[in-house]
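Residue strings, one per chain:
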Amino acid sequence: MIDVIPGLKLIKHNATDIHRPDDPTFPFRLEVSFHPPQLTDRTFVGLSSCSDELIMRGMTKEAIDEFVRRSGFRTHPRLRRLTITGPEGVVEQLP
């Protein structure tokens, strides 16, 4: 059974070739990028020409936080950048 977090919308995930139009009706935005996997560095960069990237939109900061927590993004060993923005601007940025 898939555990769904309500109020989230996937905008971009380059590893699976998902590129949807941005939807600002969801006021919170999560942008995450990862370094390529260490053992496949050259192949990965050669095929994708960039790092792994994910963009999600959320109706609430809590929905975004729950997704980030479940995914383990804040402590992910390949994390390059994590940014959460909301109606007032940047809410959280790592590193």
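In this text the structure is predicted, and so the values were computed from the model without any measurement.

Draft legend 1. Fine view of the packing of aromatic side chains. Per the counting criterion, the structure on display carries 2 aromatic pairs. Taking the centre distance of 5.7 Å and the plane angle of 75° together, the rings of Phe 67 and Phe 73 count as edge-to-face. Here Phe 67 matches Phe 73 in class, with each residue buried. Feature note: the residues Phe 34, Phe 67 and Phe 73 constitute an aromatic cluster, connected by ring pairs.

Draft legend 2. Examining the pairing of strand S6 (residues 89-94) more closely. As paired strands, strand S5 (residues 79-86) and S6 are joined by 5 bridges and run antiparallel to one another. Its bridge partner being in S6, Thr 85 is matched across the sheet by Val 90.

Draft legend 3. Main features of the side chain of Asp 23. Structurally, Asp 23 can be placed in the loop between strand S2 (18-19) and strand S3 (28-34). In this structure the side chain of Asp 23 is engaged in a polar contact, spanning 2.8 Å, whose partner is the side chain of Lys 9. Among all residues touching Asp 23, those that are not within four sequence positions of it are Lys 9, Ile 11 and Arg 57.

Draft legend 4. Examining helix H2 (residues 61-71) more closely. Within H2, the full set of buried residues consists of Lys 61, Ala 63, Ile 64, Phe 67 and Val 68. All buried residues of H2 fall inside an arc of 165° around its axis, so they share one side. Every exposed residue of H2 that faces more than 90 degrees away from the buried side is listed here: Glu 62 and Arg 69. Packing partners of the buried residues in H2 comprise strand S1 (8-13), S3, strand S4 (52-58), S5 and S6.

Draft legend 5. View of the side chain of Arg 57. Tracing the backbone through its elements, the reader meets Arg 57 in strand S4. When its relative accessible area of 9% is taken as the criterion, Arg 57 is described as buried. Of the polar contacts made by the side chain of Arg 57, one reaches the backbone oxygen of Phe 26; its length is 2.9 Å. Beyond its immediate sequence surroundings of up to four residues, Arg 57 is in contact with Gly 7, Leu 8, Lys 9, Ile 11, Asp 22, Asp 23, Pro 24, Phe 26, Pro 27, Phe 28, Arg 29 and Ile 64.

Draft legend 6. Quick look at the environment of Asp 52. One can find Asp 52 in strand S4. Accessibility expressed as a relative area gives 14% for Asp 52, which makes it buried. Separated by 18 residues in sequence, Asp 52 and Phe 34 have C-alpha atoms that sit 5.1 Å apart.

Draft legend 7. Examining the nonpolar core more closely. Judged by nonpolar contacts, the single largest core of 15 residues is most densely connected at Leu 30, Val 32, Ile 64, Phe 67, Val 68, Phe 73 and Leu 82. Put simply, the parts of the chain that give this core at least two residues each are S3, S4, H2 and S5. Apart from the residues lying within four places of it in its own chain, the contact partners of Phe 73 are Leu 30, Val 32, Phe 34, Leu 54, Phe 67, Val 68, Leu 79 and Leu 82.

So, how was this worked out
- Residues numbered from 1 in each chain as written.
- Predicted model: local features only at pLDDT ≥ 70, side-chain atom pairs only at ≥ 80, totals over all residues.
- Heavy atoms only, no water.
- Phe/Tyr/Trp six-rings, centres within 6.5 Å; stacked < 30°, edge-to-face > 60°.
- Buried < 20%, exposed > 50% of the residue type's maximum accessible area, 1.4 Å probe, protein only.
- Pairing = 2+ DSSP bridges.
- Helix = DSSP H or I, 4+ residues; strand = E, 2+ residues; numbered from the N terminus.
- Polar contact = N/O pair within 3.5 Å; in protein donor to acceptor, adjacent residues only side chain to side chain.
- Contact = heavy atoms within 4.5 Å.
- Arc of directions from axis to C-beta.
- Core = buried A, V, L, I, M, F, W, Y, C linked by side-chain atoms within 4.5 Å.

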